[in-house]
Amino acid sequence: MDGWDKFLAPYQQAVEELKIKLKGIRKDYQLNRQYSPVEFVTARVKPVQSIIEKANTRNIPYDRLREEMYDIAGIRIMCQFVDDIEMICSQIRLREDMEVVEERDYVENTKESGYRSYHLIIRYRVESIDGPVHILAEIQIRTLAMNFWATIEHTLNYKYSGEYPPEIKRRLQNAAEAAYLLDQEMSEIREEIQDAQKYYSKKRNI
């Protein structure tokens with residue numbers, strides 16, 4: 001496919017817009033003096049080489065990328081507690097500027113590797129000088145503990161191409177279990193943590 005820059009332009013625009021809009025959820029909660037389930041938001045557009053490799057692996061024709069590759073635009077939302085994930089999903093489902101077309105729950109249905117996260121595939125409209133363009137984007141919502149594990153696993157995956165030595169695989173699974181237990185423990189003392197954060201915020205603003 002020629003003209004990658006032109007093809008990816010709507011995705012670049014989408015991630016910038018979505019990043020601002022999803023950060024807006026955090027701001028809305030803060031303005032209303034409520035605890036925000038959104039800790040922070042990151043975004044990226046998949047590199048061209050990764051798009052080509054995935055298209056070849058999954059037999060996606062280049063002229064069908066817009067319809068069949070859902071993660072060219074990727075957004076990650078980090079939160080503190082597992083219960084925050086559903087709060088964020090509920091907010092996104094109610095929005096009129098993006099349509100949820102698929103949900104993938106890897107929190108309850110953990111992958112064999114230990115990966116945990118909640119994925120929303122959305123359809124999003126981008127305005128361009130040639131008219132509206134509808135794209136698919138993937139929003140991953142996870143706790144800080146889940147994100148730490150996933151970041152390390154992603155790095156190791158590049159080194160081993162997914163074929164981990166048995167010892168590394170075992171340790172990754174153990175680490176995923178430890179991250180899960182950390183999330184559980186933090187959920188148990190959620191109220192104490194939130195009270196402490198409010199106290200710290202007030203003290204800092206004095």
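See the structure above.
What comes next is a walk through the structure. Computed from a predicted model, the values in this text were never measured in an experiment. In every chain, residue numbers begin from 1 and rise along the written sequence. Local features in this predicted model are restricted to residues of pLDDT 70 or higher, and side-chain atom pairs are both shown and tallied only at a pLDDT of 80 or more, whereas totals for entire chains, interfaces and linings draw on every residue. The side-chain quantities take in all heavy atoms of the structure and omit both hydrogens and water.

1. Points about empty space enclosed by the protein
Two kinds of site are reported from a 1 Å grid over the protein atoms alone, namely cavities, where a 1.4 Å probe fits but cannot get out, and pockets, open sets with protein on both sides within 12 Å along at least five of seven lines, and residues are called lining when an atom falls within 4 Å of a point. Grid points are joined across faces, edges and corners, and a volume is the space filled by probe spheres set on the points. According to the stated counting rule, one finds 1 cavity of 30 Å³ or more in the structure shown. The computed volume of the largest cavity comes to approximately 50 Å³. In terms of lining residues, the largest cavity is bounded by Gly 114, Arg 116, Met 146, Trp 149, Ala 176, Ala 179 and Tyr 180. Counting residues per element, the ones that place at least two in the lining of the largest cavity are α5 (144-160) and α6 (166-188). In DSSP terms, a helix is any run of H or I states spanning at least four residues, a strand is any run of E spanning at least two, and both are numbered starting from the N terminus.

2. Digging into a nonpolar patch on the surface
Taken together, the side chains of Leu 182, Met 186 and Ile 189 make up a nonpolar region of the molecular surface, amounting to roughly 240 Å² of accessible area. By the element assignment, Ile 189 lies in the loop between α6 and α7 (190-205). Burial classes: relative accessible area under 20% of the type maximum marks a residue as buried, over 50% as exposed, and values in between as partly exposed (1.4 Å probe, protein chains only). For Ile 189, a relative accessible area of 43% puts it in the partly exposed group. Two joining distances apply to patches: 9 Å for like charges and 5 Å for nonpolar side chains (Val, Leu, Ile, Met, Phe, Trp, Tyr), and every residue must have over 30% relative accessible area and no salt bridge. Accessibility throughout is a Shrake-Rupley quantity obtained with a 1.4 Å probe, and a residue counts as covered only by protein chains that appear here. Salt bridge criterion: a side-chain nitrogen from Lys or Arg within 4 Å of a carboxyl oxygen from Asp or Glu.

3. Remarks on the packing of α5 against α6
Helix-helix packing is described using two parameters, namely the angle between the two axes and the distance between the axes. The axes are straight lines fitted to the C-alpha atoms, using for helices just the contacting stretch, and the angles between their N-to-C directions are given from 0 to 180°. For the pair α5 and α6, the least separation of the axes is 9 Å and the interaxial angle reads 165°. Regarding the angle of α5 to α6, the classification is roughly antiparallel. In this structure, α5 meets α6 at a crossing whose hand is left-handed. Residues Ala 145, Met 146, Trp 149, Glu 153, Leu 156 and Tyr 160 of α5 form the contact with α6, whose own contacting residues are Ile 168, Leu 172, Ala 175, Ala 176, Ala 179, Leu 182 and Asp 183. All amino acids are sorted into three groups, where Ala, Val, Leu, Ile, Met, Phe, Trp, Tyr, Cys and Pro are nonpolar, Asp, Glu, Lys and Arg are charged, and the leftover types, Gly among them, are polar. Grouping the constituent residues of the contact of α5 with α6 by class yields 11 nonpolar, no polar and 2 charged. Any angle that is under 35 degrees is reported as roughly parallel, and any over 145 degrees as roughly antiparallel; angles of 65 to 115 degrees are reported as roughly perpendicular and all others as oblique. Left-handed is the label given to a crossing in which the near helix is rotated counterclockwise from the far helix by less than a right angle, and right-handed is the label when the rotation is clockwise. The contact criterion used throughout is that any non-hydrogen atoms of two residues lie within 4.5 Å.

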